[in-house]
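Now for the letters of each chain:
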Number of protein chains: 2
Amino acid sequence: MKKPINVTVTGATGQIAYSLLFRIAAGCMFGTDQPVNLTLLGRAGSNNAAMTGTMMELEDCAFPLLWNMVDTTDPMQGFRDADVALLVGARPRGPGMERADLLQANASIFQTQGRALNEVASRDVKVLVVGNPCNTNAWIAMKNAPDLKAENFSALMRLDQNRAEAQLAKRLQVRTTDLAHVAVWGNHSPSMAADVTFSTACGESVLPKLDNVWLEKEFAPTVAKRGGAILAARGASSAASAASASVDHMHDWVLGSNQRWVTMAVPSKGQYGVPEGMVFGFPCVCENGVATPVEGLALTDVTKTKILANIRELQAEAQAVKEFVP
Amino acid sequence: MKKPINVTVTGATGQIAYSLLFRIAAGCMFGTDQPVNLTLLGRAGSNNAAMTGTMMELEDCAFPLLWNMVDTTDPMQGFRDADVALLVGARPRGPGMERADLLQANASIFQTQGRALNEVASRDVKVLVVGNPCNTNAWIAMKNAPDLKAENFSALMRLDQNRAEAQLAKRLQVRTTDLAHVAVWGNHSPSMAADVTFSTACGESVLPKLDNVWLEKEFAPTVAKRGGAILAARGASSAASAASASVDHMHDWVLGSNQRWVTMAVPSKGQYGVPEGMVFGFPCVCENGVATPVEGLALTDVTKTKILANIRELQAEAQAVKEFVP
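Residues numbered from 1 in each chain as written. Chains lettered and ligands numbered in written order. Predicted model: local features only at pLDDT ≥ 70, side-chain atom pairs only at ≥ 80, totals over all residues. Heavy atoms only, no water.

Caption draft 1: Molecular detail of the pairing of strand S5 (residues 126–129) of chain B. Residues and elements named next belong to chain B. Side-chain alternation along S5 places Lys-126 and Leu-128 on one buried face and Val-127 and Val-129 on a second face that is also buried. Between the parallel pair strand S4 (residues 84–87) and S5, the chain is carried across by helix H4 (residues 99–120), and the sense of this crossover is right-handed. Crossover S5 to strand S6 (residues 153–155) through helix H5 (residues 134–143) is right-handed. (Buried < 20%, exposed > 50% of the residue type's maximum accessible area, 1.4 Å probe, protein only. Helix = DSSP H or I, 4+ residues; strand = E, 2+ residues; numbered from the N terminus. Right-handed = clockwise from strand over helix to strand, strands pointing away.)

Here it is as structure tokens:
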């Protein structure tokens, strides 16, 4: 049996974590031969009874791969020796809160977590930020962890890719497994750029089968505004699908994507004009635990314009939280 | 690729289904090489927006194994050609409702579903009733499906076994995978009889390592009343752990338990004095899609007495719903 992986999950009493934790413990994220130790990191003053209830239920599953489980509200304890950190918890937008207030409320959380990761996590920790605004939150954590490599940090845009693939498969009457090279660029916000320029279905380019009106007026906005549509239908935010995309993201990062393009927000190394260090959604290929953006693609002018808008948006977010980064 | 399995899930807008559906679609129940077609069966007048939201999220996961998905409120359509039916939906106990009222409210639901299964499901359908009171609900459905074999029907007691194993593992400081031959007899109610008489940890009998006071005053009541303890902690019923046990139950029934004892409530053939046809929790072994209670065990007097109490309780439940069975 393999040595267990230490996995720390924040926001453990929320709905995303309630889906995510059980799928991790069932072996969906790291494979059915990989035991895990789970650390649930709560906020000081958070709902302890809910945390206890979730842990009781995890225990009640008698998962063969769940070797150990602890909870704490101390980030320095929560991230100690973490191999994987899933930063799911974030402050949601409250009534009357401006976007700048939201950014700042979260900035403080991710500054603290970045510092703690810097001090106590495994030097090879893989960090996935799910809590929104996830790109900027990941960037704050990364900037506050100067002793860790920038490429240890990432944010969730696989949900956007999955949503794009689902819409495309439905339109083309194929299965999502028939699709390849679907990309989503930029920020996990309505500005994101879902891009099917390079996409294939059953090995053939999808572009001749799609019209621009559908792509611009239906496909792109449906993907970009899907979170709001789910919220309207369920009366609650996307939870199980966000958890599932988190499983996919980390699974492929750790175990490899087998040459498949998978969208991850990762710190730019200057690709496609994205400023270095900006946590930006790129199509990536994962191998040996390293996610590498696909380079040298001939982007359309539409995509280039959207990428530029995403860069500006992320620069504005960075500006709004500048006192939280060294 | 294998031919897809048709899976029908009732109560699809509830919390158990919200955990269960995503694990089925991820391949946890039938294996990662087995595609599924999902039918979500709602109540007429149920929350259509919530159903839509759940289906949108399932779509957004781009699950490779989820080939088709439909929803309906018509049981005759919902169970058509079903290979697997997961009857999760049930009427919860409302304020001022007596147990007899609850039994009757549910009896009507499971009568209708049994009749529909009888008419339109696959002749080899595997039915798992999760909605409580699950043993009696399963019995009602079975009795209303005379053209199906009795052994097509079962009710969920794997959650009780998983809970028993978790408590035992914690007490003995072993992993749940070190345990074997843990059984829970009877009705999924506080009367159930968790039984470690035949249990081993790492191949050795557990009995010499446990004292009777712990077994009777802590172990048995903790297992039997765990649902209430979770409810108190979470402010909501067990959902993810019930879903996980449902995955385990059906996984082992379909794919085999590899000689492992797994607790399932199945129609008695008279074993251990349980009246024929009563849907009763037994330790079972699953092979080739057939669940067979383990026979010939030398039960302790304590277990015999508890089994008798469970028989009486299930007889009283049957009496309360007698106008719903032919």
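Caption draft 2: Structural detail: the interface of chain A and chain B. In this assembly, 42 residues from chain A lie in contact with 42 residues from chain B. Carbon and sulfur atoms make up 56% of the surface buried where chain A meets chain B, a total of about 3,400 Å² over both sides. Applying the counting rule to chain A against chain B returns 10 salt bridges. Salt-bridge contacts for Arg163(A) lead to Asp60(B); the nearest nitrogen and oxygen are separated by 3.4 Å. Counting the contacts that link chain A with chain B gives 28 residue pairs in polar contact (both at pLDDT 80 or more). Taken together, the elements giving at least two residues each to the side of chain A that touches chain B come down to helix H1 (15–25), helix H2 (48–60), helix H6 (158–172), helix H8 (226–234) and helix H9 (240–255) of chain A. Among the elements that make up the side of chain A that touches chain B, the one with the highest residue count is H2(A) (eight residues). Classifying every residue of the side of chain A that touches chain B gives 20 nonpolar, 11 polar and 11 charged. (Contact = heavy atoms within 4.5 Å. Buried area = accessible area lost by both parts, 1.4 Å probe. Salt bridge = Lys/Arg side-chain N within 4 Å of Asp/Glu carboxyl O. Polar contact = N/O pair within 3.5 Å; in protein donor to acceptor, adjacent residues only side chain to side chain. Nonpolar A, V, L, I, M, F, W, Y, C, P; charged D, E, K, R; others polar.)

Caption draft 3: Local environment of the sheet that holds strand S10 (residues 200–201) of chain B. Residue and element names in this part refer to chain B. Taken together, the three strands give an open sheet; going across it, the order is S7-S10-S11, and neighbouring strands pair in antiparallel fashion. The two strands at the open ends of the sheet, each matched to only one other strand, are strand S7 (179–180) and strand S11 (204–205). Where S10 and S11 come together, two bridges link them in antiparallel fashion. Note on S11: the bridge partner recorded for Ala-201 is Glu-204. (Pairing = 2+ DSSP bridges.)

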